[in-house]
Amino acid sequence: MGRLYFLPTTLKARLALAGTLTIIYIVASTLYIRYGSSAFPLLQTKPDDTQHVLLPTQNATTNGKAAPSTPEQPRILLVSAFFPLPTSKISQADYDMWLRNYLQSVTTDVYLYTTPEQAARVQAFRDGSLNLTVDANFTSIFDIPPLKGKEDAYTKIRKKDRERPRHSIESYAVLNAKPYFLHSAVTNLAARGVNYDYAFSNDATSFHKEHHYRKWPSPSRVDQIWDEGSKLSGTKKEDLLFVPMWAMPHNTMAFWQESMGPIDSKFSEGSFFGGSPTAIDWWARTFYTYHDSYLSFEIFIGKDQSLINALFLLFPSRFITVWYNDPDAPTHVALNRTNPEESFLGQCDSEWFYYQLWLADAQTQDAMREQWIQSAQKWRLWGWWNPRDTTRCQDTRVLSMTEVLKRRLGEGWNPPGRSVNVPQSIKWTISQ
């Protein structure tokens, strides 16, 4: 056998090479024992099918009518808006990917507001067999009736924004336009004879990754949640509005009063909300009545979540929610987590968007859980040494907002008094 010229010639160099190879062997063996072949994608003989999106084409409508339903299957509408901000640092490629993940995958009827310039771009992401209504009546976010002519007022309150460098008045308007868009979409379609049992405002860019959500939210799941929510809250189903929550308000909110204005804390999540047409009508009237009242006193109302937080305290019986980080949730308690670094409910990917899984049917939930576990088990060049949660994402319970607030602020807490008069009806006209 000839000499191996590629080997080091000195003893010191040979020892260093041997040590390096030993470390590589130990690391590789450890990874293989812990994660199996999934730690080394090149060794796998089968592709990861969970990463591919399939586009269903059946049971869709193309004529603008709501998809047929049975008494067990309520009709659901998703309402979104796409008004890109000129100061946004998000690339067009990212916007396109997120819109594609939403419009090409979710088969539920969608009503989407955008500008005339963006209409064709948005329409192109939707398969022709799936129902999509594109409303391009507004060239600017300040053209919608509730915000028409409020640019100067928004400019004044911007001075009070503690995150002013990050926000423009247009960004405030995009957030505060959501209740109008939801109400207007339901009203416009009803005028054409197209009616829905539930409608939800859903951020158009909320699906950041490929997924298995198709008929989402699941109609039967929604009905189940509203049934449970009605029993918990004592409020009729048609009067309940669902808004996810992120964290409890500070306990000093026990002393909060209506005149103090919006509550700037990470309590509510504004990326998804909705309910029946009756609840949506109440929400639009209430949101903009308080919006205009606070704005008239130049109180900062640039973040919709802050105003939602205030309305939680003023009208708690109207709201139901889901809380990923609920420390008293039975499924969390059953996991018996001892490490504060561990997740509350297992491997659930993005905690903020947990409501997406929660609102899906059981089969879709299982597919998403499997996708997240496979993703967590994949080997990473950086961070491979960190432990990863491979506990399947757990389901959790629906909560009434009254119960949430009493748990935080005390059983003796009651909603503060209200002096702002919410009108019984509201009618907006679009300026031509």
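Refer to the structure above for everything that follows.
This text gives an overview of the structure that appears in the document. (Residues numbered from 1 in each chain as written. Predicted model: local features only at pLDDT ≥ 70, side-chain atom pairs only at ≥ 80, totals over all residues. Heavy atoms only, no water.)

For the protein, the helix and strand inventory stands at 13 helices and 8 strands. Residue pairs at least 24 apart in sequence account for 78% of intrachain contacts in the protein once pairs closer than 6 positions are excluded. Looking at the protein as shown, the accessible area adds up to about 21,900 Å², and 54% of this sits on carbon and sulfur atoms. (Helix = DSSP H or I, 4+ residues; strand = E, 2+ residues; numbered from the N terminus. Contact = heavy atoms within 4.5 Å. Areas by Shrake-Rupley, 256 points an atom, 1.4 Å probe, with all protein chains shown as cover.)

Strands sit in the order β3-β2-β1-β4-β6-β5-β7-β8 across an open sheet of 8 strands; the sheet is mixed. Each end of this open sheet is capped by a strand with a single partner; those strands are β3 (132-135) and β8 (399-400). Where strand β1 (residues 76-82) and strand β4 (residues 198-202) come together, 4 bridges link them in parallel fashion. Residue pairing in the sheet places Ile76 in a bridge with Tyr198 of β4. Strand contacts of helix α8 (residues 277-296): β4, β5 (241-242), β6 (272-275) and β7 (319-321), with the helix running at about 120° to β6, the strand carrying the most contacts. (Pairing = 2+ DSSP bridges. Axes fitted to C-alpha atoms, helices over the stretch in contact; angles between N-to-C directions.)

Bringing the packing of aromatic side chains into the picture now. Here the structure, examined in full by the defined rule, presents 40 aromatic pairs. Note on Tyr288 and Trp428: the rings are 5.7 Å apart at their centroids and 85° apart in plane angle, and the pair reads as edge-to-face. In this pair, Tyr288 is assigned in helix α8 and Trp428 in the segment after α13 (401-409), connecting sequence segments 140 residues apart. Under the relative-accessibility criterion, Tyr288 is labelled buried at 3%. The class of Trp428 is partly exposed, set by a relative accessible area of 21%. With centroids separated by 6.2 Å and ring planes inclined at 85°, the aromatic side chains of Tyr290 and Phe315 adopt a geometry described as edge-to-face. With Tyr290 in helix α8 and Phe315 in the loop between α9 (304-314) and β7, this residue pair connects regions lying 25 residues apart in the sequence. Judged by relative accessible area, which is 11%, Phe315 ranks as buried. Across from the ring centre of Trp358, 5.0 Å away, lies the NZ or CZ of Arg221, which sits over that ring. (Phe/Tyr/Trp six-rings, centres within 6.5 Å; stacked < 30°, edge-to-face > 60°. Buried < 20%, exposed > 50% of the residue type's maximum accessible area, 1.4 Å probe, protein only. Lys NZ or Arg CZ within 6 Å of the ring centre and 35° of its normal.)

The subject of this paragraph is the state of the cysteines. Within the structure shown, the criterion is met by 1 disulfide. Each sulfur in the disulfide pair Cys348 and Cys393 lies 2.0 Å from the other. Across the disulfide from Cys348 to Cys393, rotation about the S-S bond amounts to roughly 100°, and the bridge is consequently right-handed. Highlighted residues: Cys348 in the loop between α10 (330-335) and α11 (354-358) and Cys393 in the loop between α12 (362-377) and β8, separated in sequence by 45 residues. Owing to a relative accessible area of 3%, Cys348 belongs among the buried residues under this scheme. Given the relative accessible area of 2%, Cys393 is considered buried. (Disulfide = S-S within 2.5 Å.)

A separate point is the pattern of salt bridges. Applying the stated criterion across every chain yields a total of 25 salt bridges. Two residues, Lys209 and Asp349, come together in a salt bridge whose shortest N-O distance is 3.0 Å. Taken as a pair, Lys209 in the loop between β4 and α7 (219-233) and Asp349 in the loop between α10 and α11 lie far apart in primary sequence, 140 residues in all. By sharing partners, the salt bridges in this structure join Arg162, Glu163, Arg166, Asp264 and Lys303 into a single network. (Salt bridge = Lys/Arg side-chain N within 4 Å of Asp/Glu carboxyl O.)

To continue, consider the pairing of β4. For β4, the buried fraction is high: 5 of the 5 residues fall into the buried class. Judged by which residues are buried, β4 turns out to be covered on both faces: Tyr198, Phe200 and Asn202 on one side and Ala199 and Ser201 on the other are all buried. Summarising the sheet, β4 and β6 pair through 4 bridges and their orientation is antiparallel. The partner of Ala199 across the bridge, within β6, is Gly275.

Here we take up the side chain of Lys178. Tracing the chain through its elements places Lys178 in helix α6 (residues 178-191). Since its relative accessible area comes to 10%, Lys178 is described here as buried. Among the polar contacts listed, one links the side chain of Lys178 to the side chain of Asp203, at a separation of 3.0 Å. With sequence-adjacent residues up to four places away left out, Lys178 is seen in contact with Ser201, Asp203, Gly270, Ser271, Phe273, Tyr288 and Asp304. (Polar contact = N/O pair within 3.5 Å; in protein donor to acceptor, adjacent residues only side chain to side chain.)

By themselves, these figures tell us nothing about what the structure is for.
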